[in-house]
Amino acid sequence: MLTTSATEPQAFKDAVRTQWNQSAKGWNDHTAQIRVWLRQATEAMLDMAGVARNSRVLDVAAGAGDQTLDIAQRVGPQGLVTATDISPAILTLAQDNARRAGYNNVQTLVADGELLPFEPASFDAAVCRLGLMFFPNPLKGLQELHRVVRPGGGVCTLVFSRPEKNPCIGILMSTALKHAGLPPRDPYQPGGLLSLGKPGLADELFRSAGFRDVATTVLGAPFRLPSARHYLEFIQSSASPIQQILGKLDAAAAQAAWSEMEERLDQFTTTDGWEGPNELLLTAARR
Ligand SMILES: C[S@@+](CC[C@H](N)C(=O)[O-])C[C@H]1O[C@@H](n2cnc3c(N)ncnc32)[C@H](O)[C@@H]1O
C-alpha cells in the first residue's frame, strides 16, 4: 500500500483506515508502554501548542486517545478536546477511555486529517502525536490545521526523525523486505513511518501552510521494554507497514522473518532490559 501513496491518496487512506481499524485494540492494549515511552514528548507537545486551562483543542489522528486524556486534564471542565481520527474503531476506544476516566470535556469525530469538518478558527490550539507522517499529503493536513486554529493559536506535531536515529524501524523494514523478496524502499517515502524525518522538511511544510514562528525540537525517546520480543509484540499488534509486507508470506516464512528481526534487535538488550533508540521531532508554530 505504501507505493500508492503519492499517486492514489484515497486508496492509501482507505488502506490506512482498514489497518488501524484492525489494530485498534492492539494499540490500545499497549497504552501503558506507549504512555511511558512518550511521556516527556507529550508534555512538551502540549506546552509548545499552548494547551491551557479552558482551551478548545483539536487532537488530530488521536488514536485510542492517550494524549487526548492529558489534554482533557489540562483544559479542565470548561475547556474542550475534539479528538479526530480516520479510523472509527480506534476512535471508539478513545471515547470509551475518556468516559471511563470521567472526562466530560472530550468529543470524538471520525475525520481525515487532510479534510477537517470544522469552521475556520474553531480552536485555540491543535496537536497531532505520531499521526502526520501517515498522511499522503501532510501539507494539506497542515493547511487544514492552519485554517481551523484561530489567529495566534498554537500547533505542535510529533513525528519520527531520521532513519539513522530510529534504527529499529530500519531493521524491521529491511528484514521484512528481504524475506518478502522485495527491493529496499526510500525511508522518506510519503506516508511512511519516517516520511517527515528529513531535516528541515517539517519546518518547510509548516511555513508553506502559512504558519509563523516555526521551530523544531529534536528529542531522544528510547523505547524501554523488558526484551526485544516485547517490542516485536508491540509491532505485531499495531498497524505497521511491516505487517503489510509479511502478511503476504505463508506462516513459516513470516515466522522466519520475525525470528531474524528479534535476533537483530537483540543488539539493544542491556543489563536492565531492552532499549530501542528513537528520536522524535516536535514542530511547533503559531497561526
Ligand atoms: C501511531 S497512531 C497514533 C495515535 C495517537 N495519536 C497516539 O499517539 O497514541 C496513528 C494514528 O493516525 C491515524 N491516521 C492515519 N492517517 C490519518 C489521516 N489521514 N487522518 C486522520 N488520522 C489518521 C491512524 O488511524 C492512527 O490512529
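An account of the accompanying structure is given in this report. (Residues numbered from 1 in each chain as written. Predicted model: local features only at pLDDT ≥ 70, side-chain atom pairs only at ≥ 80, totals over all residues. Heavy atoms only, no water.)

### A word on the pattern of salt bridges
Evaluated as defined, the whole model comprises 18 salt bridges. Two residues, Arg74 and Glu43, come together in a salt bridge whose shortest N-O distance is 3.5 Å. Remark: Glu43 occurs in helix 3 (residues 39-49) and Arg74 occurs in helix 4 (residues 66-75); sequence separation between them is 31 residues. Judged by relative accessible area, Arg74 falls into the partly exposed class, the value being 22%. For Glu43, a relative accessible area of 41% puts it in the partly exposed group. For Arg74, the salt bridge is made with Asp47, and the minimal N-O distance between the two is 2.5 Å. Linking Arg74 in helix 4 with Asp47 in helix 3, this pair joins segments that are 27 residues apart in sequence. When salt bridges with common partners are traced through the structure, they connect Arg35, Asp66, Asp70 and Arg129 into a single cluster. (Salt bridge = Lys/Arg side-chain N within 4 Å of Asp/Glu carboxyl O. Helix = DSSP H or I, 4+ residues; strand = E, 2+ residues; numbered from the N terminus. Buried < 20%, exposed > 50% of the residue type's maximum accessible area, 1.4 Å probe, protein only.)

### Details of the sheet that holds strand 8 (residues 269-270)
On the basis of which strands lie adjacent, the open sheet formed by three strands has the order 7-9-8 and antiparallel pairing. Every interior strand has two partners, whereas the edge strands, strand 7 (223-225) and strand 8, have only one. Sheet analysis places strand 7 next to strand 9 (residues 273-276), joined by three bridges and oriented antiparallel. Residue Arg224 lies in a different strand from strand 9, and its bridge partner there is Glu275. (Pairing = 2+ DSSP bridges.)

### Brief notes about helix 7 (residues 167-179)
A rise of 1.5 Å per residue sets the reference length of helix 7, with its 13 residues, at 18 Å; its end C-alpha atoms lie 18 Å apart and thus fit the reference within 8%. Structurally, helix 7 contributes buried residues whose contacts are with strand 5 (149-160), helix 9 (228-237), helix 10 (241-246), helix 11 (251-265) and strand 9. (Expected span 1.5 Å × (residues − 1). Contact = heavy atoms within 4.5 Å.)

### Notes on the site of the ligand
Near the ligand, the surroundings consist of 18 residues, among which Trp27, Ala61, Asp85, Gly113 and Arg129 are the closest. A distance of 3.2 Å is found between a nitrogen atom of the ligand and a side-chain nitrogen or oxygen belonging to Gln67. Within the contact set of the ligand, a nitrogen atom lies 2.8 Å away from a backbone nitrogen or oxygen of Gly113. Bound to the protein, the ligand loses 98% of the 590 Å² it would expose on its own. Here the ligand occupies the largest cavity. Counting residues per element, the shell around the ligand draws most heavily on helix 1 (residues 9-29), at three residues. (Near = heavy atom within 4 Å. Polar contact = N/O pair within 3.5 Å; in protein donor to acceptor, adjacent residues only side chain to side chain. Areas by Shrake-Rupley, 256 points an atom, 1.4 Å probe, with all protein chains shown as cover. 1 Å grid on protein atoms, 1.4 Å probe; cavity = no way out; pocket = protein on both sides within 12 Å on 5 of 7 lines; lining within 4 Å. Sits in = over half its atoms within 2 Å of the grid points.)

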